[in-house]
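A look at the structure
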Amino acid sequence: MKIYLNDGLVDSAEAKVSVFDHGLLYGDGIFEGIRLYDGCVFKLDAHLERLEYSAKAIMLKMPWTRQQISEAVCETCRANNLKDGYIRLLVTRGEGSLGLSIQNCKQPQLIIIADTIQLYPEEFYENGLSIITVPTRRCNPAALPPTVKSLNYLNNILAKIEAQHLGYHEAIMLNDQGYVAECTGDNVFVIHKGELITPSASAGALKGITRDTALEIADELGVPWREANMTRYDVWVADELFLTGTAAEIVPIVEVDARPIGSGKPGAITGRFLESFRRRVSVEGTML
Ligand code: PMP
């Protein structure tokens, strides 16, 4: 496998970073997860824009232009003969010293890994997924804004451990006020009385690229949508519920905290969102 490291491709065995890299020492860096569908990178520009915003938020100056990173992403996919897959793009603060200060971190590191993807089984899309709410709260945006897609995912990992410990694949995380923020690696949407509702970024949600696509689809389908604070009650009494994410796409949820959602089967509106999403990924994207 070929990995893109800073200024070109190297064999995966040679793709190494320093143990003094602040990405490793402190989770000091940012990343993107991107999909390749049939030789086209889905929403590449939107991912690179979010990467730039994350970099700005953590005061990490990237020495590459968006065009350079975009070409590097495509080059990595081509070098690995991929037509469909998952791209992990990381920018770390780079090699520094043991202290927290970033003053010695002179050179950010760019790493691009393109590989095949382990998808959720089709059964999850046909029958829906059961999830729970876990005790670990989503980081307060005033402490570490969840809108920054940072390399520090410990908050999400703790929630994922709690979910898996109880036999679930995904879990709802509440924010410190008790409102629904998002899942460990996906955004949450409720459909109630024909309206689509999702938590805002200020409630602790990542501005997901798939979330944005779902909102575009809502406009296309004529489904009214809004961002709002949601309690667990709003989730429990929803007519339909779905999650969005680059890897998961659009997954119907049929049970939350042992309460069936709607009829306990994937909802009809969710089905139309998934259909539209799958049509979009087959016709949109940056060709390799
Ligand atoms: N929330 C979190 C915490 C995530 O890590 C992700 C990405 N896996 C998402 C939401 C979904 O974002 P996107 O649609 O951009 O993949």
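Below is a short write-up of the structure. (Residues numbered from 1 in each chain as written. Predicted model: local features only at pLDDT ≥ 70, side-chain atom pairs only at ≥ 80, totals over all residues. Heavy atoms only, no water.)

Helices and strands together make up the secondary structure of the protein chain, namely eight helices and 16 strands. A globule of 288 residues ought to have a C-alpha radius of gyration of about 19 Å, and the protein chain, at 19 Å, matches this closely. Dimensions of the protein chain, computed from the C-alpha atoms along their principal axes, are close to 55 × 40 × 30 Å. Each of the 288 residues in the protein chain was classed as buried or not, and the buried ones make up 50%. Of the roughly 13600 Å² that the protein chain leaves accessible, carbon and sulfur atoms contribute 53%. The positive charge centre, built from 28 side chains, and the negative charge centre, built from 37, are 3 Å apart in the protein chain. (Helix = DSSP H or I, 4+ residues; strand = E, 2+ residues; numbered from the N terminus. Rg over C-alpha atoms; globule rule 2.2 N^0.38 Å. Buried < 20%, exposed > 50% of the residue type's maximum accessible area, 1.4 Å probe, protein only. Areas by Shrake-Rupley, 256 points an atom, 1.4 Å probe, with all protein chains shown as cover. Lys, Arg positive; Asp, Glu negative; His and termini not counted. Charge placed at Lys NZ, Arg CZ, Asp CG, Glu CD.)

With that settled, consider the site of the ligand. Taken together, 17 residues surround the ligand, and among them Y153, E182, I209, T210 and T246 come closest. One of the backbone nitrogen or oxygen atoms of G185 is found 3.0 Å away from a nitrogen atom of the ligand. For the ligand, an oxygen atom lies 2.5 Å from a polar atom in the side chain of T210. Among the elements of the structure, α6 (209-221) and β13 (240-245) are those that each provide at least two residues to the shell around the ligand. Taken together, the residues of the shell around the ligand break down into three nonpolar, nine polar and five charged. (Near = heavy atom within 4 Å. Polar contact = N/O pair within 3.5 Å; in protein donor to acceptor, adjacent residues only side chain to side chain. Nonpolar A, V, L, I, M, F, W, Y, C, P; charged D, E, K, R; others polar.)

Attention now goes to helix α5 (residues 154-165). Compared with the 16 Å implied by 1.5 Å per residue over 12 residues, the 16 Å span of α5 between its first and last C-alpha is a close match. Those residues of α5 that sit buried are N155, N156, A159 and A163. Taken down its axis, α5 places every buried residue within 90° of arc, on the same side. Seen from the buried face of α5, the exposed residues on the opposite side, beyond 90 degrees, are L154, I161 and H165. In this structure, the buried residues of α5 make contact with β7 (129-133) and β8 (171-174). Directly beyond the C-terminal end of α5, a positive phi value near 90° is found at G167. (Expected span 1.5 Å × (residues − 1). Arc of directions from axis to C-beta. Contact = heavy atoms within 4.5 Å.)

In this section: a nonpolar patch on the surface. Together, V19, F20, L24 and L98 make up an exposed nonpolar region whose accessible area comes to about 410 Å². With respect to the helices and strands, V19 occurs in the loop between β2 (8-11) and α1 (22-26). (Patch = residues over 30% accessible without salt bridge, like charges linked within 9 Å, V, L, I, M, F, W, Y side chains within 5 Å. Salt bridge = Lys/Arg side-chain N within 4 Å of Asp/Glu carboxyl O.)

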